[in-house]
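Chain by chain, the residues:
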Amino acid sequence: MEKKVPMRTCIACKAVKPKKELIRIVKSEEGISLDRTGRKNGRGAYICDDGNCIAKLKKGKLLNRAFSMPVSDETYDKISEEFFGK
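Parameters at a glance
Residues numbered from 1 in each chain as written. Predicted model: local features only at pLDDT ≥ 70, side-chain atom pairs only at ≥ 80, totals over all residues. Heavy atoms only, no water. Helix = DSSP H or I, 4+ residues; strand = E, 2+ residues; numbered from the N terminus. Rg over C-alpha atoms; globule rule 2.2 N^0.38 Å. Buried < 20%, exposed > 50% of the residue type's maximum accessible area, 1.4 Å probe, protein only. Contact = heavy atoms within 4.5 Å. Lys, Arg positive; Asp, Glu negative; His and termini not counted. Charge placed at Lys NZ, Arg CZ, Asp CG, Glu CD. Pairing = 2+ DSSP bridges. Axes fitted to C-alpha atoms, helices over the stretch in contact; angles between N-to-C directions. Patch = residues over 30% accessible without salt bridge, like charges linked within 9 Å, V, L, I, M, F, W, Y side chains within 5 Å. Areas by Shrake-Rupley, 256 points an atom, 1.4 Å probe, with all protein chains shown as cover. Salt bridge = Lys/Arg side-chain N within 4 Å of Asp/Glu carboxyl O.

**Quick notes on the overall build of the protein chain**
Along the protein chain, the regular secondary structure elements total three helices and five strands. Secondary structure elements of the protein chain occur, N-terminal to C-terminal, as β-β-β-β-β-α-α-α. By the compact-globule yardstick of 12 Å for 86 residues, the protein chain fits well, its C-alpha radius of gyration being 13 Å. Summarising its shape, the C-alpha atoms of the protein chain cover approximately 45 × 25 × 25 Å along the three principal directions. Across the 86 residues of the protein chain, 33% fall into the buried class. Of the contacts made within the protein chain by residues no fewer than 6 positions apart, 44% connect residues no fewer than 24 positions apart. Separation between the mean location of the 20 positive side-chain charges and that of the 12 negative ones in the protein chain comes to 6 Å.

**A few points about the sheet that holds strand E3 (residues 22-28)**
If you walk across this open sheet you meet the three strands as E4-E3-E5, and the pairing is antiparallel. Either end of the sheet is taken by a strand with one partner, and the two such strands are strand E4 (31-35) and strand E5 (43-48). Taken pair by pair, the neighbouring strands of this sheet meet at an average axis angle of 25°, ignoring direction. Along the sheet, helix H3 (residues 73-85) contacts E3 and E4; its crossing angle with E4, the most-contacted strand, is approximately 20°.

**Examining a nonpolar patch on the surface**
A cluster of nonpolar side chains, namely Val5, Met7 and Val16, defines an oily patch on the protein surface of about 280 Å² accessible area. Mapped onto the elements, Val16 comes out in strand E2 (residues 16-18).

Structure below.
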């Protein structure tokens, strides 16, 4: 029997890809941050490992909708720094 690969949708470009190919952004008690392991506790949203999707994330304030709450510009800047700092 074939094992099903979990699929997720990028909140920026709407591409559906295997979970392992996307980066998880997690909202937890510590705040909002990148979760490259996919194992942190909290509510997650997924984004492609691509600078264009990170730019769309901030421009469209997409985390506000994903987490149903206002997200500050500083948080978007922090996510961007974490991503490009790899």
